[in-house]
Amino acid sequence: MKKIFILMAFAALFTSCKGSAQEAKKETFEVTKTDAEWKAQLTQEQYYVLRQAGTERPGSSPLNYIKEAGTFHCAACDTPLFKTAHKFDSGTGWPSFDRGIEGNIAYSTDRNLGYTRTEEHCATCGGHLGHVFNDGPKATTGKRHCINGDALVFVPSSK
């Protein structure tokens, strides 16, 4: 009888968290397109990062070297996301910023690597940008927004 009780307890434990209240809610965004529309609009690399939550190779983005005044926009929907004034060299190989443009970035929890990270998305189209960590410059925000260059397009202030 004790074994039956233990088996029932385990069964209840594993099935009790499958109710509709536990299902992930699908976020909706102002800009939405079909998968085919995103594929037609974006380069293969941009699609991989923005729509499949991929990661580009470290050191591969020419945006790492941009220092001129301007704004980094979402490559999918042109939403302004980061300013050069908040960019810094983190030594990681990805464009890094100590803050984003408030209201234009959405956050979610990412556990894909077996530990919890804060994932960043464009708040307008939901495109994956990268992750934010708490090891940024202590003199400013203490945050490091580690962003895939393929998710961004640079717009110089002079334009």
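Our structure's up above, just so we're on the same page.
Numbers given to residues run from 1 along each chain, matching the order in which its sequence is written. Local features in a predicted model are, by the rule used here, given only for residues with pLDDT of at least 70; side-chain atom pairs are given and counted only at 80 or more, and totals for whole chains, interfaces and linings are based on all residues. Just so you know, side-chain values use all the structure's heavy atoms and leave hydrogens and water out.

## Some details on the overall build of the chain
Heads up, the condition is: Per the convention used, a helix needs a DSSP run of H or I reaching at least four residues, while a strand needs a run of E reaching at least two, with both numbered from the N terminus. Summary of the burial criterion: residues with accessible area below 20% of their type's maximum are buried, those above 50% are exposed, and those between are partly exposed, where the area comes from a 1.4 Å probe applied to protein chains only. Throughout, a contact is declared for two residues whenever any of their heavy atoms are within 4.5 Å. Here the Shrake-Rupley method, with its probe set to 1.4 Å, supplies the accessible areas, and only the displayed protein chains count as covering residues.
Secondary structure assignment for the chain yields three helices and nine strands. When the helices and strands of the chain are placed in sequence order, the string is α-α-α-β-β-β-β-β-β-β-β-β. For the chain, with 159 residues in total, the buried portion stands at 38%. Summarising the internal contacts of the chain: among those between residues at least 6 apart in sequence, 53% fall at separations of at least 24. Summing over all exposed atoms, the chain offers an accessible surface of approximately 10,200 Å²; the carbon and sulfur share of this is 55%.

## Some details on the environment of Ala-123
Along the chain, the position of Ala-123 falls in the loop between strand E6 (117–122) and strand E7 (128–133). For Ala-123, a relative accessible area of 28% gives the class partly exposed. Along the backbone, Ala-123 and Cys-74 are 49 residues apart, and their C-alpha atoms lie at a distance of 9.8 Å.

## Quick word on the sheet that holds strand E8 (residues 144–147)
The line we're drawing: Whether two strands pair comes down to DSSP finding at least two bridges between them.
Strand order in this open sheet of six strands is E3-E4-E8-E7-E6-E5, and the pairing throughout is antiparallel. Lying at the two open borders of the sheet, with one neighbouring strand each, are strand E3 (87–88) and strand E5 (105–110). In the sheet, E3 pairs with strand E4 (residues 96–97) via two bridges, with the strands oriented antiparallel. By the bridge assignment for E4, Phe-88 is matched with Ser-96.

## Remarks on the nonpolar core
Our working definition: By nonpolar core we mean a set of buried residues, namely Ala, Val, Leu, Ile, Met, Phe, Trp, Tyr and Cys, connected to one another through side-chain atoms within 4.5 Å.
Leu-50, Phe-72, Cys-74, Leu-81, Phe-82, Leu-129 and Leu-152 are the most contacted members of the largest nonpolar core, which totals 23 residues. Contributing elements (two or more residues each) for this core: helix H3 (44–52), strand E1 (70–74), strand E2 (80–83) and strand E9 (152–156). Ranked by the residues each element gives to this core, the list is headed by H3, at three residues.

## Re the pairing of E5
Bridge count between E5 and E6: six bridges; the pairing is antiparallel. Along E6, the bridge assignment pairs Ser-108 with Glu-119. The loop that links E5 with its antiparallel partner E6 comprises six residues; one of these, Gly-114, has a positive phi angle of about 95°.

## Description of the state of the cysteines
Worth spelling out the cut-off: Here, two cysteine sulfur atoms that lie within 2.5 Å of each other are counted as a disulfide.
Counted by the stated rule, this structure contains zero disulfides. Free of any disulfide, Cys-77 has its nearest neighbouring cysteine sulfur in Cys-122, separated by 3.5 Å.

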